[in-house]
Amino acid sequence: MSETAEAAVNEEAAVEPKEPLFSSKNKRLLTDPLNDDNPITIQVLGICSALAITVQLKPTFVMSVSVLFVMIGGNLIVSWLRNLIPSRVRIIVQLVIVAALVILVDQVLKAYLYDVSKQLSVFVGLIITNCIIMGRLEAFALGNKAWPSFLDAIGNAAGYAWIMLVVAFAREFFGSGKIWGMQIIPKGDDDIWTFTDLNFYMVDGVQYYSDNGLMILPPMALITVGIIIWVQRSKNTKLIEEN
């Protein structure tokens, strides 16, 4: 065998096998943030959003989609530019990328979902400093290729979203008897009622629901998240810290 042929064989042997798009490692990027490495209940990040915008389900859903868009866009752009970004200014570059994406989201919301945009108010702009997004850009996207960064963004955004939606569902349902702004539990005439149990009351033999004002207060968001954490760690004891 000639030297050229041997070199070609050695080069082929040196080439690493291509990793499947949905290898077990890549699948964990999608599944771990949903439970074992959830950004809210395990890493305790993004709590500000849970307090501020989970009074109703609709704005919470819009916020979750916005975070998903910004996180995917930010992870991909930082991953593509990772070899070009000087380490000294990497945080500034990441902030500029996220800020540009957030401005785009804000303008789209104002154009097509103005009422929701007014409800979210300044909290859309605060996505720029969201700990989850900045953390994933710094810890993952800056050192990985585009595809894993894309999966990491989807996984963490989904982990953030499902906690937010559960909290918003509980607060809107028990706080106002509504889901997505639609009345689910019928309401009667508050002038003629008698309490039965919990927050239900009777009017002409029909049971109605009286709004639980406590559920729409910010502390109930923390309490609801705490309940989710308790359930999560009761089912998965390896998440419980020894000390």
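Relevant structure appears above.
What counts, and where the lines are drawn
- Residues numbered from 1 in each chain as written.
- Predicted model: local features only at pLDDT ≥ 70, side-chain atom pairs only at ≥ 80, totals over all residues.
- Heavy atoms only, no water.
- Helix = DSSP H or I, 4+ residues; strand = E, 2+ residues; numbered from the N terminus.
- Salt bridge = Lys/Arg side-chain N within 4 Å of Asp/Glu carboxyl O.
- Buried < 20%, exposed > 50% of the residue type's maximum accessible area, 1.4 Å probe, protein only.
- Contact = heavy atoms within 4.5 Å.
- Phe/Tyr/Trp six-rings, centres within 6.5 Å; stacked < 30°, edge-to-face > 60°.
- Core = buried A, V, L, I, M, F, W, Y, C linked by side-chain atoms within 4.5 Å.

Caption draft 1: Molecular detail of unusual backbone geometry. Here the phi dihedral of Val-44 falls at roughly 55°; this positive angle occurs in a residue that is not glycine. Position of Val-44 among the secondary structure elements: in the loop between helix 2 (24-31) and helix 3 (47-52).

Caption draft 2: Broad picture of the pattern of salt bridges. All told, the structure shown has three salt bridges when counted by the stated rule. Between Asp-106 and Lys-110 there is a salt bridge, with its nearest N and O atoms 3.4 Å apart. Note that Asp-106 and Lys-110 are positioned in helix 5 (residues 90-112) at a spacing of four residues, about one turn of the helix. Of the residues examined, Asp-106 reaches a relative accessible area of 18% and is grouped as buried. One salt bridge connects Asp-152 with Arg-136, and the closest N-O pair in it is separated by 2.9 Å. In this pair, Asp-152 sits in helix 8 (residues 146-176) while Arg-136 sits in helix 7 (residues 131-139), placing the two residues 16 residues apart along the sequence. Given the relative accessible area of 2%, Asp-152 is considered buried.

Caption draft 3: Structural view of the environment of Lys-145. Turning to its location among the elements, Lys-145 is positioned in the loop between helix 7 and helix 8. Lys-145 sits 65 residues away from Trp-80 along the chain, and the two C-alpha atoms are 7.2 Å apart. The contacts of Lys-145, once residues within four sequence positions are left out, are Ser-79 and Arg-82.

Caption draft 4: View of the environment of Leu-51. Among the structural elements, Leu-51 can be located in helix 3. Along the primary structure Leu-51 and Ala-221 are separated by 170 residues, whereas in three dimensions their C-alpha atoms are 5.3 Å apart. Discounting residues that sit within four places of it in the chain, Leu-51 has contacts with Arg-171, Pro-218, Ala-221 and Leu-222.

Caption draft 5: Quick look at the packing of aromatic side chains. According to the stated counting rule, one finds four aromatic pairs in the structure shown. Ring geometry for Phe-169 and Phe-173: centres 6.0 Å apart, planes at 5°, overall stacked. Note that Phe-169 and Phe-173 are positioned in helix 8 at a spacing of four residues, about one turn of the helix. Judged by relative accessible area, Phe-169 falls into the partly exposed class, the value being 40%. Judged by its relative accessible area of 21%, Phe-173 is partly exposed. One aromatic cluster is present, formed by Phe-169, Phe-173 and Phe-174 through successive ring pairs.

Caption draft 6: Highlighting the nonpolar core. Counting residues in hydrophobic clusters, the biggest one holds 36 residues, and the most contacted among them are Val-70, Leu-120, Ile-127 and Ile-133. Sorting the residues of this core by element identifies helix 3, helix 4 (57-80), helix 5, helix 6 (114-120), helix 7, helix 8 and helix 9 (218-235) as the ones contributing at least two each. The leading source of residues in this core is helix 4, at eight residues. If near-sequence neighbours (up to four positions away) are discounted, Ile-133 is found in contact with Val-67, Val-70, Met-71, Val-98 and Ile-127.

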